[in-house]
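A look at the structure
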Amino acid sequence: MALWQLYGGASTSLTINTTAGRLTTVCDSWAEPILIQKVRYIDHFENPDMVIGRCTDPLQFKHEAYEFEREVRLLMPRQDDWEKNPEGMQRRLPSLDALITSVVVAPEADAWFLELVEDVTQRYGLKAPVRMSALAQFPA
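Residues numbered from 1 in each chain as written. Predicted model: local features only at pLDDT ≥ 70, side-chain atom pairs only at ≥ 80, totals over all residues. Heavy atoms only, no water.

Looking up the protein in an unreviewed UniProt entry gives the name DUF2971 domain-containing protein, with the organism given as Immundisolibacter cernigliae.

Using the criterion set out here, one finds one aromatic pair in the structure. Pairing W112 with F113 gives two aromatic rings, centres 5.7 Å apart and planes at 85°, and the pair type is edge-to-face. Given the relative accessible area of 10%, F113 is considered buried. The ring centre of Y66 lies 5.4 Å from the NZ or CZ of K62, which sits over that ring. (Phe/Tyr/Trp six-rings, centres within 6.5 Å; stacked < 30°, edge-to-face > 60°. Buried < 20%, exposed > 50% of the residue type's maximum accessible area, 1.4 Å probe, protein only. Lys NZ or Arg CZ within 6 Å of the ring centre and 35° of its normal.)

Moving on, we come to the pairing of strand β6 (residues 102–105). Across the two faces of β6 the burial is the same, with S102 and V104 and V103 and V105 all buried. Direction of pairing for β6 relative to strand β7 (residues 130–132): parallel, over a ladder of three bridges. Bridge pairing in β7 links V103 to V130. (Helix = DSSP H or I, 4+ residues; strand = E, 2+ residues; numbered from the N terminus. Pairing = 2+ DSSP bridges.)

Before going further, it helps to spend a moment on helix α5 (residues 111–123). Spanning 13 residues, α5 covers 18 Å between terminal C-alpha atoms, matching the ideal 18 Å at 1.5 Å per step. Within α5, the full set of buried residues consists of F113, L114, V117 and T121. Buried positions in α5, seen along its axis, are confined to an arc of 100° and lie on one side of it. Projecting away from the buried face of α5 at angles above 90 degrees are the exposed residues A111, Q122 and R123. Of the surrounding secondary structure, the elements contacted by the buried residues of α5 are β1 (14–17), β6 and β7. Remark: G125 follows α5 within two positions and exhibits a positive phi of approximately 75°. (Expected span 1.5 Å × (residues − 1). Arc of directions from axis to C-beta. Contact = heavy atoms within 4.5 Å.)

So, about helix α2 (residues 20–29). Every buried residue of α2 is listed here: L23, V26 and C27. In a view along the axis of α2, the buried residues occupy a sector of 100°, so they form one face of it. Residues T25 and D28 are exposed on α2 and point more than 90 degrees away from its buried face. One or two residues past the end of α2 sits A31, with phi positive at roughly 50°.

So, about the nonpolar core. Counting 21 residues, the largest nonpolar core has I100, V103, V105, V117 and V130 as the members making the most contacts within it. Discounting residues that sit within four places of it in the chain, V130 has contacts with V103, V105, L114, V117, E118 and T121. (Core = buried A, V, L, I, M, F, W, Y, C linked by side-chain atoms within 4.5 Å.)

Per the counting criterion, the structure on display carries five salt bridges. Measuring nitrogen to oxygen at the nearest pair gives 2.7 Å for the salt bridge that ties R91 to E32. Residue R91 is located in the loop between α3 (85–88) and α4 (96–99), and its partner E32 is located in the loop between α2 and β2 (35–38); the two are separated by 59 residues in the primary sequence. Of the charged contacts, one joins D97 and K127 as a salt bridge, the two residues approaching to 3.9 Å between their closest N and O atoms. Of this pair, D97 sits in helix α4 while K127 sits in the loop between α5 and β7, placing them 30 residues apart in sequence. Judged by its relative accessible area of 22%, D97 is partly exposed. Through salt bridges with shared partners, one network takes in K62, E69, E71 and R73. (Salt bridge = Lys/Arg side-chain N within 4 Å of Asp/Glu carboxyl O.)

Put into structure tokens, the structure is as follows:
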């Protein structure tokens, strides 16, 4: 529930779910080096003088207060032309279904929001199921 409230609102947000296997397959389709890293949650106060070795090291650590996020990051190393990085980082998905396993609507969402999400997924041909969060079944 904390994630719903923190990142999107418990009544007007959704999550898009995937698996490590699907994410890996999509990254492989781009035919270039991609690093998939789990974020490591640490206590920065315990080791304030932590040594940063590689340029990607700062991207793999986050304070342990955010451990509930269980974040994974995709890193696409670029050193040839830094000016083009924002555009160069865009990659097409083979299809939405190649990545998305399900769409989950916020637990406090009204019926109209669920219907809207279902309509949008149908419009774009997504075959993954759309459902309400299981938290919707618990009393507030």
